[in-house]
Amino acid sequence: MLLRILGYLCQLCFIVGLPIERYSGITTSAPSTNSLASSYSQTSWYLATH
């Protein structure tokens, strides 16, 4: 979903003539410290990527 949004944003910037000059590349897979997210470290995506 995020990649789709970024694609739309890039297209919009191109259409209106706004250059994209920088991208940090910083991402995170750590969710909120909310107690409802406490089991994230046991999910398949977390185990496959950490």
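What counts, and where the lines are drawn
- Residues numbered from 1 in each chain as written.
- Predicted model: local features only at pLDDT ≥ 70, side-chain atom pairs only at ≥ 80, totals over all residues.
- Heavy atoms only, no water.
- Helix = DSSP H or I, 4+ residues; strand = E, 2+ residues; numbered from the N terminus.
- Buried < 20%, exposed > 50% of the residue type's maximum accessible area, 1.4 Å probe, protein only.
- Expected span 1.5 Å × (residues − 1).
- Patch = residues over 30% accessible without salt bridge, like charges linked within 9 Å, V, L, I, M, F, W, Y side chains within 5 Å.
- Areas by Shrake-Rupley, 256 points an atom, 1.4 Å probe, with all protein chains shown as cover.
- Salt bridge = Lys/Arg side-chain N within 4 Å of Asp/Glu carboxyl O.

Caption draft 1: View of the overall build of the chain. Counting secondary structure elements, the chain contains two helices and zero strands. For the chain, with 50 residues in total, the buried portion stands at 4%.

Caption draft 2: Spotlight on helix 1 (residues 2–16). The end-to-end C-alpha distance of helix 1, which contains 15 residues, comes to 21 Å, matching closely the 21 Å that a straight helix rising 1.5 Å per residue would cover. Looking one or two places after helix 1, you find Gly17, whose phi comes out positive at around 85°.

Caption draft 3: Representation of a nonpolar patch on the surface within the structure. A cluster of nonpolar residues, Met1, Leu2, Leu3, Ile5, Leu6, Leu9, Leu12, Phe14, Ile15, Val16 and Leu18, forms a patch on the protein surface that exposes about 1300 Å² of accessible area. Counting through the fold element by element, Phe14 comes out in helix 1.

Purely spatial values, then, with no claim about function.
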